[in-house]
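Coordinate analysis (summary)
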Number of protein chains: 2
Amino acid sequence: MINGVKTIGIIGGGQLGLMMLEFIRRLGLKVAVLDPDPNCPCAKRVDHYIDAKSFNDRVAFLRLAQASDVITYEFEHINVALLRILEQAGHKIYPSVDSLAIIQDKYTQNLAMEKFGIEVPKFVAIPNMEELNAYWCRYEKKPFMLKSRFGGYDGKGNFLVQHEQDLETAFKQLGGYAGEDRLMAEELVKFKRELSVVATRGLDGSCVFYPVAENTHKNSILDTTCIYDSKVDLFGNEWLGEGVWDQAVDLSRKVMECFDGVGSFCTEMFEADGRLLVNEVAPRVHNSGHPTLDACVTSQFENHIRAILGLTLGSTEMTTPFAAMKNIIGCENGKIIGFEGREKAVDLGAHVHIYDKAASKVGRKLGHFTICGKDAYGLLKKINIKAIVR
Amino acid sequence: MINGVKTIGIIGGGQLGLMMLEFIRRLGLKVAVLDPDPNCPCAKRVDHYIDAKSFNDRVAFLRLAQASDVITYEFEHINVALLRILEQAGHKIYPSVDSLAIIQDKYTQNLAMEKFGIEVPKFVAIPNMEELNAYWCRYEKKPFMLKSRFGGYDGKGNFLVQHEQDLETAFKQLGGYAGEDRLMAEELVKFKRELSVVATRGLDGSCVFYPVAENTHKNSILDTTCIYDSKVDLFGNEWLGEGVWDQAVDLSRKVMECFDGVGSFCTEMFEADGRLLVNEVAPRVHNSGHPTLDACVTSQFENHIRAILGLTLGSTEMTTPFAAMKNIIGCENGKIIGFEGREKAVDLGAHVHIYDKAASKVGRKLGHFTICGKDAYGLLKKINIKAIVR
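The rules behind each value
- Residue positions are given per chain, counting from 1 as you read along its sequence in written order.
- Here chains are named by letter from A upward and ligands by number from 1 upward, in the order in which they appear as written.
- Residues qualify for local features only when their pLDDT is at least 70, as the model is predicted, and side-chain atom pairs are given and counted only at 80 or more; totals for whole chains, interfaces and linings, by contrast, use all residues.
- Computation of side-chain values covers all heavy atoms of the structure but excludes hydrogens and water.
- Working definition: helices are DSSP H or I runs of at least four residues, strands are E runs of at least two. Numbering for both runs from the N terminus.
- Whether a residue is buried, partly exposed or exposed follows from its accessible area with a 1.4 Å probe, protein chains only, as a fraction of its type maximum: under 20%, in between, or over 50%, in that order.
- The arc under discussion is defined with respect to the helix axis, by the directions toward the C-beta atoms.
- In protein, a polar contact requires one atom able to donate a hydrogen and another able to accept it; more generally it is a pair of N or O atoms within 3.5 Å, and residues adjacent in sequence count only if both atoms are side-chain atoms.
- We count a salt bridge whenever a side-chain nitrogen from Lys or Arg sits within 4 Å of a carboxyl oxygen from Asp or Glu.
- When checking whether two residues touch, look at their non-hydrogen atoms; a contact exists if any pair is within 4.5 Å.
- Defined here as a combined quantity, buried area equals the accessible surface (1.4 Å probe) lost by two parts on assembly, summed across both.
- Classification used: nonpolar for Ala, Val, Leu, Ile, Met, Phe, Trp, Tyr, Cys and Pro, charged for Asp, Glu, Lys and Arg, polar for all others including Gly.
- A strand pair is defined by DSSP finding two or more bridges across the two strands.
- What counts as an axis is a line fitted to C-alpha atoms, over the stretch in contact for a helix, and the angles between N-to-C directions run from 0 to 180 degrees.
- The criterion for an aromatic pair is that two Phe, Tyr or Trp rings (for Trp, the six-membered ring) have centres within 6.5 Å, with stacked assigned to planes under 30 degrees apart, edge-to-face to planes over 60 apart and tilted to the rest.

**Comments concerning the environment of Gly155 of chain A**
- As for its position among the elements, Gly155 of chain A is in the loop between strand S6 (144-148) and strand S7 (158-161).
- Sequence separation between Gly155 of chain A and Ile221 of chain A is 66 residues, and the spatial gap between their C-alpha atoms is 6.7 Å.

Below, the structure written as structure tokens:
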């Protein structure tokens, strides 16, 4: 037992859960994972695999709670009502159900941040078509983002409205007719770059911050993330522009306090005209935190586990001056029979992380690789790892 | 497939195998493990667990070979005849069966090294009691080590003979009556300290060396291992004495060549009067290489896997100036129900590694922890992790 915990329960058995397993085992604790897919990466590597009918399977949630002394999750689109039942029965869940309920609705997430003094892009709830048309006219018929308030990821649930005829299509496609709480509109921010800060907050409110990460996307899916061990780049220049590093960390700190976060959270930000706006908060370990596995003293995964156990958080210092990570994304659908390009990646010094997924889908995250050291970014571009699919 | 390998087979499912698993999975490969104990740390974490009747179970060896594209092992006391059958059937085994056969017999191990110009303590085969008595007289009735040629570890299989009346006891206890090839006598080396070098050698003969490690033992079991990132200690002094670092690496290189090693090997040495003598060679990843998990760019485990796959070996550079490791050893027999002292260890910055063994035995390795940074050795002494047993 560590602070009363023998078994940690994780909702979701994908790669984020997988990357937590190793650190849980090292502490001598057990793991239970709930996932509807028996071929998910975690299923065959945990002490208890809870085979759920779906992520709405109440019985499975109860079984997970019975098997676990504390519950956490690796994605935020979880049925909050089910979690409340567990919480009311006395089960410990981190991050808290209250904070999850606010964050999983992008509209209430933004409202909460705005109230807390955190700058976000201008946004408004869109309960119906009338309101959508009114918004379009009010904002001078300029392009904007129509967003699902719930369940979006990797660009899914977002629709860039550019013309009047897009309105009805977007509204319908994003499920606007299903209820008045489904959609929101958000101004289109012309950003210079996207940054993110992963932070871990302990049960006692202590907080550690990972280096500010610069992210690039392809088809709305994270493609690369780079982190420096200081505000100064490899040429001695302050790579983020004066004060932006501190602003970013400060925003992340505010976000952790705003949501009373426990564990690792990611705050994604737009840098626009020297200002930083929070684009989105993930109440969990995050893809842009993957470089921390190979480039930091304590990874975001280990610190997440330490946080929910009430342990002292580990150093987020880098063990290398620079690290660059690239995702391995599925290009086609089918069974994965292997990967191309791993040999060369290893040859060039990459830390390769394949997630052991059974199937590839277009846009699905199948792995990533990280290169550390001054030449990381250049080397990254020489590597192309690709799933071989049948 | 990486160079024709989809699945790696490991003989032995203990902690050394466990620490390889993570790196095999990350490369996107599968693992098969053979171990007679279904509660061994690896059993529930691998793609194929081969439930052997014993480590002499021929059918199980064949099943492992069928499930694997390359076979390696995590301990050296394996039935070589069984391995030869697999090798003759065309299965790839690394390190090679030839080198294992020589190394697993301490007498032939020493003979091979002596022939190769590697200095070892003076030794002689002891086929029977007459020879033992003769040895005792020849060496002026001075204390010496009587050793089992096969199967010893953690001081097991060694008997320190100090008086004439020990001779018969030692001979009997170490199984001298079972056959003429069972025992050897070795001079007692008065050493200043014990050092070891873990090296990894690729299929192409390329070789990388980890920092020279200084080891201490308790009850003949490894207790602590310390590594520096340079020949100079934290006070700027050459900590090993002039030239000893280079001698140690040179000895390790000779050992790798002598046995035509493939994968990670450990060479244990005695430092005596500025000379280095090889005490023992382990043709596998080694306990004194555990600090490499948390303190080096590429661990001994990852490099072992890279080696047997024919991949480029990774950097053995340290990511911290100093690292100190301590073993967590069983103090009593019984079922493990938890551990004491983990919270404080994490608090002080230790990387804790518990091996998930079901039972504790006196002298059994249950875990280890490593501290990195200049204060590591002092901090190490403040930590005491202990299994709670029922």
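**Here we look at helix H2 (residues 58-67) of chain A**
Residue and element names in this part refer to chain A.
- Every buried residue belonging to H2 is among Ala60, Phe61, Leu64 and Ala65, and all of these are buried. The arc that holds every buried residue of H2, seen down its axis, measures 140°, which confines them to one face. Summarising the geometry of H2, the exposed residues directed more than 90 degrees from the buried face are Val59 and Gln66.
- A side-chain oxygen of the first residue of H2 lies 3.2 Å from the backbone nitrogen of Val59; this N-cap is Asp57.

**A few points about the pattern of salt bridges**
- Inspection of every chain in the model, using the stated rule, returns 49 salt bridges over all chains.
- When the shortest N-O distance is used, the salt bridge between Glu164 of chain B and Lys141 of chain B registers 3.6 Å. On the criterion of sequence distance, the pair formed by Glu164 of chain B in the loop between strand S7 (158-161) and helix H7 (166-173) and Lys141 of chain B in the loop between helix H6 (129-138) and strand S6 (144-148) is long-range, its members being 23 residues apart.
- Looking at Glu164 of chain B, the relative accessible area reads 45%, which means it is partly exposed.
- Residue Asp260 of chain B is joined to Arg201 of chain B by a salt bridge in which the shortest nitrogen-to-oxygen separation is 3.0 Å. Of the two residues, Asp260 of chain B sits in the loop between helix H8 (244-258) and strand S13 (263-272) while Arg201 of chain B sits in strand S9 (residues 193-201), which places them 59 residues apart along the sequence.
- What makes Arg201 of chain B buried here is its relative accessible area of 11%.
- Taken together, the salt bridges that share partners define one network made up of Lys30 and Asp47 of chain A together with Lys44, Arg45 and Asp356 of chain B.

**Some details on the interface of chain A and chain B**
- Counting from both sides, the interface comprises 31 residues of chain A and, opposite them, 32 residues of chain B.
- Counting each side, the surface lost to burial between chain A and chain B is near 3200 Å², with a carbon and sulfur contribution of 44%.
- Where chain A packs against chain B, one counts six salt bridges.
- In this structure, the connection of chain A to chain B is made through 14 residue pairs in polar contact (both at pLDDT 80 or more).
- Residues of the side of chain A that touches chain B, tallied by class, amount to twelve nonpolar, six polar and 13 charged.

**Some remarks on the sheet that holds strand S4 (residues 70-73) of chain B**
All names here are of chain B.
- Spatially, four strands are ordered S3-S2-S1-S4 in an open sheet, and the strand pairing comes out parallel. This sheet does not close on itself; its edge strands, each paired only once, are strand S3 (48-51) and S4. On average, each strand axis in the sheet is inclined to that of its neighbour by 20°, with strand direction left out of account.
- Together, strand S1 (7-11), strand S2 (30-35), S3 and S4 form the strand contacts of helix H2 (residues 58-67), whose direction differs from that of S2 by roughly 175°.

**A word on the sheet that holds S7 of chain B**
Residue and element names in this part refer to chain B.
- Judged by pairing direction, the sheet is antiparallel, and its four strands sit side by side in the order S5-S8-S6-S7 without closing on themselves. Whereas interior strands pair on both sides, the edge strands pair on one side only; in this sheet they are strand S5 (123-126) and S7. Taken pair by pair, the neighbouring strands of this sheet meet at an average axis angle of 25°, ignoring direction.
- Inspection of the sheet shows S6 paired to S7 by four bridges, in the antiparallel sense. Looking at S7, one finds that Phe144 is bridged to Val161.
- The strands that helix H5 (residues 106-115) touches are S5, S6 and strand S8 (183-187); relative to S5, the one it contacts most, it runs at about 145°.

**Some remarks on the packing of aromatic side chains**
- Tallied over the full model, the rule gives 20 aromatic pairs over all chains.
- Between Phe191 of chain B and Phe270 of chain B, the ring centres sit 4.5 Å apart and the planes meet at 15°, which makes this aromatic pair stacked. Pair noted here: Phe191 of chain B is in the loop between S8 and S9 and Phe270 of chain B is in strand S13, with a separation of 79 residues, a long-range link.
- Of the aromatic side chains, those joined through ring pairs into one cluster are Tyr135, Trp136, Tyr139 and Phe144 of chain A.

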